[in-house]
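# Fold and contact review
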Amino acid sequence: MSAGAGAGRCAAGFAFRSLPQKTFSCLEDRDIRDRLLKWSMQGRITAQAFSFDQQFKPYQKDEFVMAFFNDQNVNSCLKVLSSSGQWTTLGSKVTKIEATVVPCTQISMAFFDRLYSEGVVRETGDIVKCYDDYYDDILISDELRKLLLLEDSDHYDIFSQLDRKEFLFCLFKHLCIGGTLCQFEDVVGPYLETTKALYKDLVSVQKNPETKEIHIISTVFRVAAYDNNGLCYPSSKSHQQTFAYLIVDPCKRHVHALYHCFGGSCFGN
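Residues numbered from 1 in each chain as written. Predicted model: local features only at pLDDT ≥ 70, side-chain atom pairs only at ≥ 80, totals over all residues. Heavy atoms only, no water.

Ranked by internal contacts, the top residues of the largest apolar core, which has 52 residues, are Phe112, Leu115, Leu144, Phe167, Phe172, Tyr245 and Leu258. Only helix H2 (25–28), helix H3 (30–38), strand S2 (45–52), strand S7 (138–142), helix H7 (143–149), helix H9 (167–177), helix H10 (189–202) and strand S12 (243–249) provide two or more residues apiece to this core. By residue number, the principal contributor to this core is H9, which donates 9 residues. If sequence neighbours within four positions are ignored, Phe112 has contacts with Phe159, Leu168, Phe169, Phe172 and Leu192. The next biggest cluster of nonpolar side chains, apart from the first, holds 30 residues, and it includes Ala67, Ala225, Tyr233 and Val255. (Core = buried A, V, L, I, M, F, W, Y, C linked by side-chain atoms within 4.5 Å. Buried < 20%, exposed > 50% of the residue type's maximum accessible area, 1.4 Å probe, protein only. Helix = DSSP H or I, 4+ residues; strand = E, 2+ residues; numbered from the N terminus. Contact = heavy atoms within 4.5 Å.)

Shown next, in the form of structure tokens:
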């Protein structure tokens with residue numbers, strides 16, 4: 001353990017341990033892996049689990065995230081994709097972090113029913129097509145991607161600004177847009193099914209013993225980290241489809257790291 005890592009841990013009060021035995025079944029599922037390959041995300045997306053040793057309160061997010069990145073057990077095994085497309089580990093002394101709280105309250109895929117009722121998706125599940133357009137080099141050829149990316153879409157307002165910040169919506173949008181060579185779906189089902197499986201794998205829920213209602217207990221952050229050379233995580237190049245989220249379960253004291261680096265699909269993972 002380096003003195004720097006130890007000092008960082010003591011100051012923040014959090015120590016972390018990798019949980020390599022924790023698997024994320026959706027990323028192991030053959031059908032989902034085939035979809036991710038089609039969407040140019042396979043081999044560029046990963047999820048890892050870590051445990052931590054102190055009670056976590058959401059107001060501690062900056063200290064928690066800084067301690068996370070500078071803990072030797074994280075720093076030495078947190079996966080990042082190099083510019084050549086090879087998996088490596090972070091291995092940098094993080095000097096600055098950004099951690100944005102991502103609302104995570106949705107417990108039902110009924111959240112997306114409005115895609116059908118508002119005419120973005122037909123009853124059959126087929127996504128309604130539109131004239132080709134581009135947004136930051138991303139091809140838009142249907143009303144779904146138009147709704148996700150263009151504020152002048154006729155359907156943009158069916159999801160409020162608060163809806164669009166929800167973790168469930170963020171996952172759905174990331175999967176729909178995909179990577180550099182994404183082959184888009186003609187039907188919405190694969191996007192919804194993959195979003196549901198990934199969300200279920202990442203977030204933790206509890207049932208209220210009195211009301212029997214289920215609510216989410218996870219806190220989610222979208223994160224970025226900087227070292228002395230600038231942005232180093234999730235990548236040195238910023239892109240809306242290059243993302244990292246930390247999903248914190250305060251009861252189990254587990255944190256899940258979901259990572260994706262925008263590019264062409266890789267066969268190895």
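Right, picking up where we left off after that structure.
Attention now goes to the environment of Gly178. When you line up the elements, Gly178 lands in the loop between H9 and H10. A relative accessible area of 0% places Gly178 in the buried class. The spacing of Gly178 and Ile138 is 40 residues in sequence and 9.5 Å in space, taken between C-alpha atoms. Not counting residues up to four positions away in its chain, the partners in contact with Gly178 are Trp39, Met41, Gln241 and Phe262.

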